[in-house]
Amino acid sequence: MNALTLGPEGTYSHRATQAVADDIDFAESVTAIVEGVATGEYDRGVVPIENSIEGSVTESLDALADQRVAVVREVVTPIRHSLLAQTETFETVASHQQALAQCREYLNREYPDVVTEPVASTARGVERAREDSSVAGIGHPANAGDDLRVLESDIQDRSSNATRFLVVAPESERSDAGGKTSFVVYPNTNHPGLLLDLLEPFAERDINLSRVESRPSGERLGDYVFHIDIEAGLYEERTKGAVTELEEIANEGWVRVLGSYDTEHVV
Ligand SMILES: O=C(O)C(=O)C[C@]1(C(=O)O)C=C[C@@H](O)C=C1
């Protein structure tokens, strides 16, 4: 099985993907990863979806709403960042926007004068540090190799820092089995109580929601696509009933059922 994830080698996405496939290729953006699976080029794609400190990875949410794929597994992994550089004197810290944000308090406290440089991934930031002694990278300490020093470990602002990744597969592999299910809903209408209406089918059947997120639809200001995750599988009668009701409520738009899946914790 081949899989596509965020590169270059050494990203947290790469580490999560090792739990899923042996044959791993890299892309520069999560949109390209989801596209690689939707077009049939790859069997699996692994994208970060949510972090415990910084929240949603919005590019991943949008790619899931725009492309036709299934979600077949989620991988949750602790994120423990290190500061990697050639020397202790650097002017710039390069890393993924999410990683910079997860270490915001640390950077403000310890390096108030350095410039932060968002790059495509943590491993890309570490590459920048390898090429340029005035740059430090934030990433997994295993990326240090022989030419970079780990200046400090565990620099994330909370020790409980963790990221949730979704494993995407071709739409034909959508499964009804699993303890969680994800939906993307575009109601294409707006009235008082709309969100309440969308959530009631779950509440009435005693189905717990694990996440609700709204993203702009891009159609017009104030118009949203909703990402809903529930703690129930599509194989359950109560879930089937809730989906039918959801589809009725959103009948001017669409409901995309991404599938049911289980969670794996990877360290
Ligand atoms: O840059 C990486 O190493 C990634 O895999 C991306 C990513 C993210 O987008 O959230 C993954 C985990 C961490 O939260 C930081 C960055």
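Just so we're clear, the structure is a prediction, and the values are computed from it rather than from any experiment.

## Here we look at the overall build of the protein
Helix and strand content of the protein: eight helices and 15 strands. Against the globule reference of 18 Å for 267 residues, the protein gives a C-alpha radius of gyration of 20 Å, in line with a compact fold. Its C-alpha atoms put the protein at 60 × 40 × 30 Å along the principal axes. In the protein, which comprises 267 residues, the proportion classed as buried is 42%.

## Description of the UniProt feature "domain: Prephenate dehydratase" (unreviewed entry) in the protein
The feature "domain: Prephenate dehydratase" (unreviewed entry), as given by UniProt, occupies residues 2-170 in the numbering adopted here. Structurally, residues 2-170 comprises 28% helix and 37% strand, and the distance from its first C-alpha atom to its last is 12 Å.

## Quick notes on the environment of T77
Along the chain, T77 turns up in strand β5 (residues 69-78). For T77, a count of 20 C-beta atoms within 10 Å gives the class buried. Each C-alpha atom of the pair T77 and S60 lies 17 Å from the other, and the pair is 17 residues apart in sequence. With residues up to four places along the chain from it excluded, the contact list for T77 reads Y12, R15, A16, A162, T163, V266 and V267.

## Remarks on unusual backbone geometry
Here the bond from G7 into P8 is cis, since omega is 0°, no more than 30 degrees from zero. Of note, P8 is situated in the loop between β1 (2-6) and α1 (12-17). Phi at N188 takes a positive value of approximately 55°, unusual for a residue other than glycine. Counting through the fold element by element, N188 comes out in the loop between β12 (180-186) and α7 (194-204). Residue classification places N188 among the partly exposed positions, given that 14 C-beta atoms sit within 10 Å. With phi around 65°, D206 is a residue other than glycine that occupies positive phi space. Positionally, D206 belongs in the loop between α7 and β13 (209-216).

About the thresholds
- Residues numbered from 1 in each chain as written.
- Predicted model: local features only at pLDDT ≥ 70, side-chain atom pairs only at ≥ 80, totals over all residues.
- Helix = DSSP H or I, 4+ residues; strand = E, 2+ residues; numbered from the N terminus.
- Rg over C-alpha atoms; globule rule 2.2 N^0.38 Å.
- Buried ≥ 20, exposed ≤ 12 C-beta atoms within 10 Å, placed from the backbone.
- UniProt positions renumbered as here; feature names shortened; annotations may be inferred.
- Contact = placed C-beta atoms within 7 Å.

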